[in-house]
Amino acid sequence: MAKSPDQEHPQKAFGWAARDKSGLFSPFHFSRRENGDEDVTIKILFCGVCHSDVCIAKNEWGFTNYPVVPGHEIVGTVTTVGSNVKKFKVGERVGVGVIVGSCKKCESCQQDLENYCPQTIFTYNSHYTDGAKTYGGYSDMIVVDERYVLHFPDNLPSEGGAPLLCAGITVYSPMKYYGMTEPGKHLGVAGLGGLGHVAVKMGKAFGLKVTVISSSPKKEAEAIERLGADSFLVTSDPTKMKAALGTMDYIIDTVSAVHALFPLLSLLKPNGKLVTVGLPDKPLELPIFPLVLGRKLVGGSNIGGMKETQEMLDFCAKHGITADVEVIRMDYLNTAIERLAKSDVRYRFVIDVASSLSQ
Amino acid sequence: MAMSPEDENPVKAFGWAARDSSGHLSPFKFSRRATGEKDVTFKVLYCGICHSDLHNVKNEWGITSYPIVPGHEIVGVVTEVGTKVTKFKVGDKVGVGCMVGSCHSCANCKEDLENYCPEMILTYGVKYYDGTTTYGGYSDIMISDEHFVIKIPNNLPLDGGAPLLCAGITVYSPLKYYGLDKVGMHLGVVGLGGLGHMAVKFAKAMGLKVTVISTSPNKKKEAMDHLGADAFLVSRNTEEMELAVGTMDGIIDTVSAVHALLPLIGLLKTNGKLVMVGAPEKPLELLAFPLLMGRKMVGGSGIGGMKETQEMIDFAAKHNIVADIEVIPMDYVNTAMERLLKADVKYRFVIDIANSLKPF
């Protein structure tokens, strides 16, 4: 007979889980493996609420294995280190992002691209090498192989830094890979949410001119005055859209709903690049003429490898980049998720796990 | 009152034009400008028939002004050069491709990317700087500013070389730009027509492994025995396609009909690139998941700049790359267009202008 979650492993753990596709969270007792030779055990302080957490909790992508404990923007302190652990010591502040394992042998793993390994193990809703289900950061503690743990720079606050572990790397990685960092060039950021607002901040740090492209006119003042965007383009304003045709070198598209690509492609100069990091669950329409006539491209990107994630954290610490967050208590989670579905957050909820997760 | 094509310019010219959207071509008298100080005039020997010519004569893109003299794979011998021409002399073998003008001052022109200049002037069917209409290579003589004339190396056959001026550069440019030109890489080529067969030849010359992806199993022998492809995938054969998943560094997609991108994206390795050089008129479906999960991209490319076109011709001459052609007389052109529509040609028709274009 299969063991119950709280008996599967030797270390007791407690968190909040979704048990069905209503996506409603409630307290959940489970367990974690013993701290192995390569492992680090972490007491969780904060965990960001990523839109993906909601998609998985509600089984929107069709592969959720209930009960699920999401959370892959984890900041905490090390409580135990395994005998072979070189990089971390007890008491250190660390982060864990979207992955907790990979094969370590394939070409992607050898190139520090563990996120593209065909056997990537995700922080939650996956199965670990020992067959056990992985549970994420909406919980009190986690055990992770040191390869997948990040040093958290001293001057990076935990609350504002936690979302960088998913949202931050998700926009940083393609900006580097697709060469979207040349100072003076013009970046468009489509969608101003968790991913979008971090992209604006990073774009400015790279010395780019940044235009936010949004369907909501009411985000303009915020985008320009608080986030530092240079301009704001409302997609439903035909005059402004026409004036902006062929003006952008790059666009990061963070929009997860199904949306039109043609207007975005038209905003690009020839040789412009549109990178999509959002995950619409239905196909988009891709017009080919603009790609051919302007040598434009549409590319995808998915988080980043461990080395690059560390590089990104260090970059953010250096440039004072953090996410704009609303810190919440664990028992506010269900309300937060309802608000997230309506984009009613500036711009990431972060759960104060250590102060509010009580059994 | 607008001038007739014959009176528009001082130099008499003769060719075949389409006069309406039936696309039917027939003899046509017109005129070309006198050789200006930067111009090169040449006697046309051969002109390739590009599928774009077919789209244009039938006004399939909605932009055609009739009468239209198509042809943008033009080769011939120089008969006159302007006083300020430095790169060519009478008797040189030359070619003209898809463009005859650009602004010369924008960022694209300055980077030798005249093909992306917003004021780029096409070889046929549009207005030149002087307001006159441009006419293409289905004609006896051609004139062009020397900037847009290509020198044809002596060892390159003119008839097989003509299609390089559009088909050749159209596949060569993206192989270079998207970095799909490294020895040992694995390239897929979708569609085995004018563009596709050129892509196979260029990629093999660059040292790549090439797999042709086609809906027609009967092209396999030709692709492998004659063109040198290493493998052949029938796109409707799900087993074959499944075995090839995640094996290609890049794919050049030459297909102009609406078709599914998802199976092609699946064939790419992580970081793989799908390059569109055909232009379906309707948008294609794009699923975000596979693109993100493998950091893959879909990009486009359209012909190439003049510097790169010359580089491509020189590369082709060095590696003995020419198009596989069927040479036809001028008066076969309407039949050729019908056959082209059915993809019944291996792989480009080339009109033997010098020997068959007879004035009436």
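Worth saying up front: this structure is predicted, and the values here are computed from it rather than measured.

## What about the overall build of chain A?
- Broken down by element type, chain A carries 12 helices and 18 strands.
- Scaling as 2.2 N^0.38, a compact globule of 359 residues should have a C-alpha radius of gyration of about 21 Å, and chain A matches this with 20 Å.
- Dimensions of chain A along its principal axes, counting C-alpha atoms only, are 65 × 40 × 35 Å.
- Considering only contacts within chain A whose residues lie at least 6 apart along the sequence, 66% involve residues at least 24 apart.
- Accessible surface, chain A as shown: approximately 14,100 Å² in total, 52% of it carbon and sulfur.
- A distance of 4 Å separates the average location of the 38 positive side-chain charges in chain A from that of its 39 negative side-chain charges.

## Let's talk about the packing of helix α4 (residues 167–177) of chain A against helix α10 (residues 306–319) of chain A
Residues and elements named next belong to chain A.
- Following both chains from N to C, one finds α4 and α10 inclined at 100°, their axes separated by 10 Å at the closest point. Judged by the angle between their axes, α4 and α10 are roughly perpendicular. For the pair α4 and α10, the contacting residues are Gly168, Ile169, Tyr172, Ser173 and Lys176 in the first and Glu308, Thr309, Glu311, Met312 and Phe315 in the second.

## Examining the side chain of Thr276(A)
- Looking at where Thr276(A) falls in the secondary structure, it is placed in strand β14 (residues 268–276).
- Once residues within four sequence positions are removed from consideration, Thr276(A) is found in contact with Asp253(A), Val298(A), Gly299(A), Gly300(A), Ser301(A), Leu291(B) and Leu292(B).

## Concerning unusual backbone geometry
- At the junction of Arg346(A) and Tyr347(A), the peptide bond is cis and its omega measures out at -15° in the coordinates.
- Its place among the elements puts Tyr347(A) in the loop between α11 (333–341) and β18 (348–352).
- With omega at -5°, the peptide bond leading from Tyr66(B) into Pro67(B) counts as cis.
- Tracing the sequence through the fold places Pro67(B) in the loop between α1 (51–57) and β4 (74–81).

## Topic: the packing of aromatic side chains
- For the structure shown, the criterion picks out 19 aromatic pairs over all chains.
- Consider the rings of Phe289(A) and Trp61(B), whose centres lie 6.0 Å apart with planes at 85°: the pair is edge-to-face. Here Phe289(A), found in helix α9 (residues 289–294), pairs with Trp61(B), found in the loop between α1 and β4, and the two come from separate chains.
- The class for Trp61(B) is partly exposed, based on a relative accessible area of 30%.
- Aromatic ring contacts, followed pair by pair, group Phe28(A), Phe30(A) and Tyr135(A) into a single cluster.
- Between the NZ or CZ atom of Arg295(A) and the centre of the ring of Tyr177(B), over which it lies, the distance is 3.6 Å.
- Here Arg295(B) stacks its cationic end above the ring of Tyr177(A), 3.6 Å away from the centre of that ring.

## Regarding the pattern of salt bridges
- The full count for this structure, using the stated rule, is 31 salt bridges over all chains.
- Here Asp145(A) ties to Lys104(A) by a salt bridge, and the two come within 2.7 Å at their closest N and O atoms. Of the two residues, Asp145(A) is situated in strand β8 (residues 141–145) and Lys104(A) in the loop between β6 (99–101) and α2 (107–110); the sequence distance between them amounts to 41 residues.
- Exposure remark for Asp145(A): the relative accessible area of 7% places this residue in the buried category.
- Since its relative accessible area comes to 37%, Lys104(A) is described here as partly exposed.
- For Arg339(B), the salt bridge goes to Asp344(B), with nearest N and O atoms at 3.0 Å.
- One salt-bridge network, in which partners are shared between bridges, spans Lys201(A), Glu222(A), Arg226(A), Asp324(A) and Arg346(A).

## Quick word on the nonpolar core
- Core analysis: the largest hydrophobic core is formed by 153 residues, its most contacted members being Tyr138(A), Leu187(A), Met202(A), Leu333(A) and Phe202(B).
- Filtering out sequence-adjacent residues up to four positions away, Phe202(B) remains in contact with Leu164(B), Gly168(B), Val171(B), Tyr172(B), Leu175(B), Met312(B), Phe315(B), Ala316(B) and Ile321(B).
- Of all hydrophobic cores here, the second largest spans 43 residues; its members include Ala13(B), Val40(B), Ile49(B) and Ile74(B).

## Considering the interface of chain B and chain A
- Each partner contributes residues to the interface: chain B has 35 residues there, and chain A has 34 residues.
- Carbon and sulfur atoms make up 66% of the surface buried where chain B meets chain A, a total of about 3,100 Å² over both sides.
- At the junction of chain B with chain A, the criterion picks out 0 salt bridges.
- Scanning the region where chain B abuts chain A turns up 7 residue pairs in polar contact (both at pLDDT 80 or more).

## Points about the confidence of the model for chain B
- Scored by pLDDT, chain B comes out at a mean of 96, with 99% of its residues at no less than 70.
- Confidence estimates for the predicted assembly give a pTM of 0.94 and an ipTM of 0.93.

## A look at the environment of Asp181(B)
Residue and element names in this part refer to chain B.
- Positionally, Asp181 belongs in the loop between α4 (167–177) and β10 (186–190).
- Using a relative accessible area of 18% as the deciding quantity, one classes Asp181 as buried.
- Asp181 sits 22 residues away from Ala203 along the chain, and the two C-alpha atoms are 7.0 Å apart.
- Among all residues touching Asp181, those that are not within four sequence positions of it are Leu175, Lys176, Met206 and Leu208.

## Some thoughts on empty space enclosed by the protein
Residue and element names in this part refer to chain A.
- Applying the stated criterion across every chain, the model contains 4 cavities of 30 Å³ or more.
- Of the volumes computed, that of the largest cavity is approximately 160 Å³.
- If you go around the largest cavity, you meet 15 residues; those closest to its centre are Arg32, Arg33, Lys133, Thr134 and Tyr135.
- Counting only elements with at least two residues in the lining of the largest cavity, the list comes to β2 (25–32) and β8.

## Details of the packing of α4(B) against helix α5 (residues 194–205) of chain B
Residue and element names in this part refer to chain B.
- Where α4 meets α5, the closest approach of the two axes is 8 Å, and the angle between their N-to-C directions is 50°. Put simply, α4 runs oblique to α5. Every pair of crossing elements has a handedness; the one defined by α4 and α5 is right-handed. When α4 is examined against α5, the residues Ala167, Gly168, Thr170, Val171, Tyr172 and Leu175 are found in contact with a partner set consisting of Gly194, Leu195, Met198, Ala199, Phe202 and Ala203.

## A few points about the pairing of strand β1 (residues 11–18) of chain B
All names here are of chain B.
- Across the 8 residues that make up β1, a large majority, 6, are buried.
- With 8 bridges connecting them, β1 and strand β2 (residues 25–32) associate as antiparallel partners. Following the sheet pairing, Ala17 is matched in β2 by Ser26.
- Counted along the chain from β1 to the antiparallel partner β2, the turn is 6 residues long, and its residue Gly23 has a positive phi close to 80°.

## Some points on the environment of Asn115(A)
Residue and element names in this part refer to chain A.
- Position of Asn115 among the secondary structure elements: in the loop between α2 and β7 (121–122).
- Look at Asn115 and you get buried, because its relative accessible area is 5%.
- With 190 residues separating them in the primary sequence, Asn115 and Gly305 have C-alpha atoms 5.3 Å apart.
- There is a polar contact of 2.8 Å between the side chain of Asn115 and the backbone oxygen of Asn302.
- Of note is the side chain of Asn115, whose polar atom sits 3.1 Å from the backbone nitrogen of Gly305.

## Comments concerning the sheet that holds strand β16 (residues 297–300) of chain A
- Within the open sheet, the 12 strands sit side by side as β12(A)-β11(A)-β10(A)-β13(A)-β14(A)-β16(A)-β16(B)-β14(B)-β13(B)-β10(B)-β11(B)-β12(B). Their pairing is mixed. Only two strands of the sheet have a single neighbouring strand rather than two, namely β12 (231–234) of chain A together with β12 (231–234) of chain B. Averaged over all pairs of adjacent strands, the angle between strand axes in this sheet comes to 20°, irrespective of strand direction.
- With 5 bridges connecting them, β10(B) and strand β11 (residues 209–214) of chain B associate as parallel partners. Pairing of Gly188(B) across the sheet is with Thr211(B), part of β11(B).
- Packed onto the sheet, α4(A) meets β10 (186–190), β13 (248–253) and β14 of chain A together with β14 (268–276) of chain B and runs at close to 150° relative to β13(A).

Thresholds applied
Residues numbered from 1 in each chain as written. Chains lettered and ligands numbered in written order. Predicted model: local features only at pLDDT ≥ 70, side-chain atom pairs only at ≥ 80, totals over all residues. Heavy atoms only, no water. Helix = DSSP H or I, 4+ residues; strand = E, 2+ residues; numbered from the N terminus. Rg over C-alpha atoms; globule rule 2.2 N^0.38 Å. Contact = heavy atoms within 4.5 Å. Areas by Shrake-Rupley, 256 points an atom, 1.4 Å probe, with all protein chains shown as cover. Lys, Arg positive; Asp, Glu negative; His and termini not counted. Charge placed at Lys NZ, Arg CZ, Asp CG, Glu CD. Axes fitted to C-alpha atoms, helices over the stretch in contact; angles between N-to-C directions. Parallel < 35°, antiparallel > 145°, perpendicular 65-115°, else oblique. Phe/Tyr/Trp six-rings, centres within 6.5 Å; stacked < 30°, edge-to-face > 60°. Buried < 20%, exposed > 50% of the residue type's maximum accessible area, 1.4 Å probe, protein only. Lys NZ or Arg CZ within 6 Å of the ring centre and 35° of its normal. Salt bridge = Lys/Arg side-chain N within 4 Å of Asp/Glu carboxyl O. Core = buried A, V, L, I, M, F, W, Y, C linked by side-chain atoms within 4.5 Å. Buried area = accessible area lost by both parts, 1.4 Å probe. Polar contact = N/O pair within 3.5 Å; in protein donor to acceptor, adjacent residues only side chain to side chain. pLDDT = per-residue confidence, 0-100. 1 Å grid on protein atoms, 1.4 Å probe; cavity = no way out; pocket = protein on both sides within 12 Å on 5 of 7 lines; lining within 4 Å. Points joined across faces, edges and corners; volume = space filled by probe spheres on them. Left-handed = near helix turned anticlockwise from the far one by under 90°. Pairing = 2+ DSSP bridges.

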